[in-house]
Amino acid sequence: MKKFLLYLLVSYGVVANAQQKRPNILIIISDDHAFQTISAYGSKLTQTPAIDRIAKEGMLFNRAYVTNSICGPSRAVLLTGRYSHKNGFKDNVSGRFDSSQHTFIKDLTKSGYQTAWIGKWHLESAPQGFSYWKVLPGQGSYFNPDFIKMDNSRERINGYATTIIEDIAENWLDGRDTSKPFCLVIGHKATHRTWMPDIQDMRRFDTVNFPLPANFYDEYQGRRAAAVQDMTVDKTMIMGYDLKMFPSKEAADKDGNIRRMTPDQRAAFDAYYGPIKQDLDARNLTGKELVEWKYQRYMRDYLATAASLDSNIGRALEYLDRHKLTDNTLVIYLSDQGFYMGEHGWFDKRFMYEESFRTPMVMRFPGMIQAGRVDSSLVMNLDLAPTMLDLAGVKSTHKLQGESILPLLKQEGVKGRKNLYYHYYENGEHAVSPHFGISNGRYKLIRFYKRVESWELYDLHTDSSEMKNLYGRSGYEKITRKMKKELTKISKKFEDAEASEILKRPIGLKGF
Ligand code: CA
């Protein structure tokens, strides 16, 4: 009997020990954070020391992409490892995530992980399958944000969202059961529109003049979908709502983001933006001068919002250091998609063009990931769910469409994907035509439909900013036919019936 008890104790001990050694996972996902503004990606616009630290101590994915470049759908893909047409959350307008479906989090929770999602969620329905969650309703607010709690009640917390989300995450880590591994997702609202900086960061970029991207004054020749969009700094970006240049104090009072400020926050806000508005009025700018003024304001507010994001990522890393969790925690930083910082004259996202299709993604896991690596394999946000399960040693109970990139992290001689498949559905705000397409890293073929019926083909080696649509040009017949064949194949592989149907309706030129 004694022997049996001892056996039980020992085997329990072994199990508990093995449990403890399973890696922790920390995923920090921001919103609309452009790789063009991250110094680890070579940006000269600002410094992002915390993101750079993850890249330096771990690896940087130079060609990480999303399957559908927009907030809610991107998070749904992250959770399910399946494309939008499979997880059901195709766009932000009609989308509502069916939280009862399978997610990697549910498998992790079942296998003994403590799991949590804190911050921006944007999937409309309440999270399911997490040990803990506390999320922003919808887009959430930068100042004094409301949170939805697990009992569905709401709580308003005074302060700045990015800092508060990190505070809540640290509180949850403090109170967790340390005998179990954790998987924590910190979802930041930053750097989403309307780019409201924390008070301490407002003046940070006032003396900087940002260079205009070379294609800021793009006229969209040969690109019909690009021509009909509504997302330019010039025509779409709103003076009040976006740039805080309200015609009067009363007009500012009507803005929900400003109305919720405390008197102290409001005083600081007015003290900063008031004189800028006065100066703008005195200058009477029009035409290009006004557009370029808007661009400078956009960049200053956006980057100030990103500064708080980076410093709170830094806090998360320091928390891991302080609690000796760094060595056994995989840290992933990524955005829900990329963003335009004036390229093509735009802000926002949605297009399969590189700035919004690509997302920043860095990972650190000492002991597994060699420090300082830059990896140019083609990977997707779709691949994270299977990777997390692979890392945790959990066999998924469901079929995922992503592929584990764990072998890539371990440098086991594997490359990423051969082709990337993309499908954007929303046909509303910003007037971006629905489209789907394929990229092999060099050639990219896009089929627009609904708003615009057209094809586009790019050679990223000779035209990295995608200004020259090669579709229909002589000399490109062969590559076009090849890419179309691949597109048909890959849309079938991912069981995208809608795309497959559209591909049966030929448009465009003979011979292509
Ligand atoms: Ca987003």
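Trainee: Quick one: what's the story with the side chain of Asp496, residue by residue and with numbers?
Mentor: As for its position among the elements, Asp496 is in the loop between helix 15 (477-493) and helix 16 (497-503). Buried within the structure, Asp496 lacks any salt-bridge partner; its nearest side chain of opposite charge belongs to Lys90, at an N-O separation of 6.7 Å. Looking at Asp496, its side chain comes within polar contact range of the main-chain nitrogen of Ala499, at 3.3 Å. With sequence-adjacent residues up to four places away left out, Asp496 is seen in contact with His85, Tyr421, His423, Tyr425 and Ser491.

Trainee: I'd like a rundown of the environment of Ala50, residues and numbers included.
Mentor: Within the element layout of this structure, Ala50 appears in helix 2 (residues 49-57). Beyond its immediate sequence surroundings of up to four residues, Ala50 is in contact with Asp310, Ile313, Gly314 and Leu317.

Trainee: Run through helix 2, naming residues and quoting values.
Mentor: Within helix 2, the full set of buried residues consists of Ala50, Ile51, Asp52, Ile54 and Ala55. Each element contacted by the buried residues of helix 2 is listed here: strand 2 (59-61), helix 11 (287-322), strand 9 (329-335) and strand 10 (361-364).

Trainee: Account for the layout of surface pockets, with residues named and values stated.
Mentor: Unoccupied space between atoms shows up once a probe the size of one water molecule is rolled over them. Of the pockets and cavities examined, the largest pocket occupies roughly 470 Å³. For the largest pocket, the lining is made up of 23 residues, of which Phe35, Gln36, Glu355, Ser464 and Ser465 are closest to its centre. Listing elements by their share of the lining of the largest pocket, those giving two or more residues are helix 11 and helix 12 (354-357). Looking at side-chain class alone, the lining of the largest pocket contains 11 nonpolar, 7 polar and 5 charged residues. Per-domain counts for the lining of the largest pocket show at least three residues from each of domain 1 (23-196 + 302-409) and domain 3 (423-502). Approximately 320 Å³ is the volume attributed to the second largest pocket. Together, 20 residues line the second largest pocket, and Gln139, His192, Arg193, Tyr241 and Glu429 are the ones closest to its centre. Among the residues making up the lining of the second largest pocket, the classes are represented as 6 nonpolar, 7 polar and 7 charged. Residue-level mapping places the lining of the second largest pocket at the junction of two domains, with at least three residues from each of domain 1 (23-196 + 302-409) and domain 3 (423-502).

Trainee: Could you give an account of the sheet that holds strand 14 (residues 435-439), with specific residues and numbers?
Mentor: Taken in spatial order, the 4 strands make up an open sheet running 13-14-15-16, and their pairing is antiparallel. Lying at the two open borders of the sheet, with one neighbouring strand each, are strand 13 (420-424) and strand 16 (454-459). When the angles between neighbouring strand axes are averaged without regard to direction, this sheet yields 15°. Of the strand pairs in this sheet, strand 15 (residues 443-448) and strand 16 are connected by 6 bridges, and their pairing is antiparallel. From the neighbouring strand, Leu445 faces strand 16, where its bridge partner is Leu457.

Calculation criteria
Residues numbered from 1 in each chain as written. Predicted model: local features only at pLDDT ≥ 70, side-chain atom pairs only at ≥ 80, totals over all residues. Heavy atoms only, no water. Helix = DSSP H or I, 4+ residues; strand = E, 2+ residues; numbered from the N terminus. Buried < 20%, exposed > 50% of the residue type's maximum accessible area, 1.4 Å probe, protein only. Lys, Arg positive; Asp, Glu negative; His and termini not counted. Salt bridge = Lys/Arg side-chain N within 4 Å of Asp/Glu carboxyl O. Polar contact = N/O pair within 3.5 Å; in protein donor to acceptor, adjacent residues only side chain to side chain. Contact = heavy atoms within 4.5 Å. 1 Å grid on protein atoms, 1.4 Å probe; cavity = no way out; pocket = protein on both sides within 12 Å on 5 of 7 lines; lining within 4 Å. Points joined across faces, edges and corners; volume = space filled by probe spheres on them. Nonpolar A, V, L, I, M, F, W, Y, C, P; charged D, E, K, R; others polar. Domains from an automatic or database assignment. Pairing = 2+ DSSP bridges. Axes fitted to C-alpha atoms, helices over the stretch in contact; angles between N-to-C directions.

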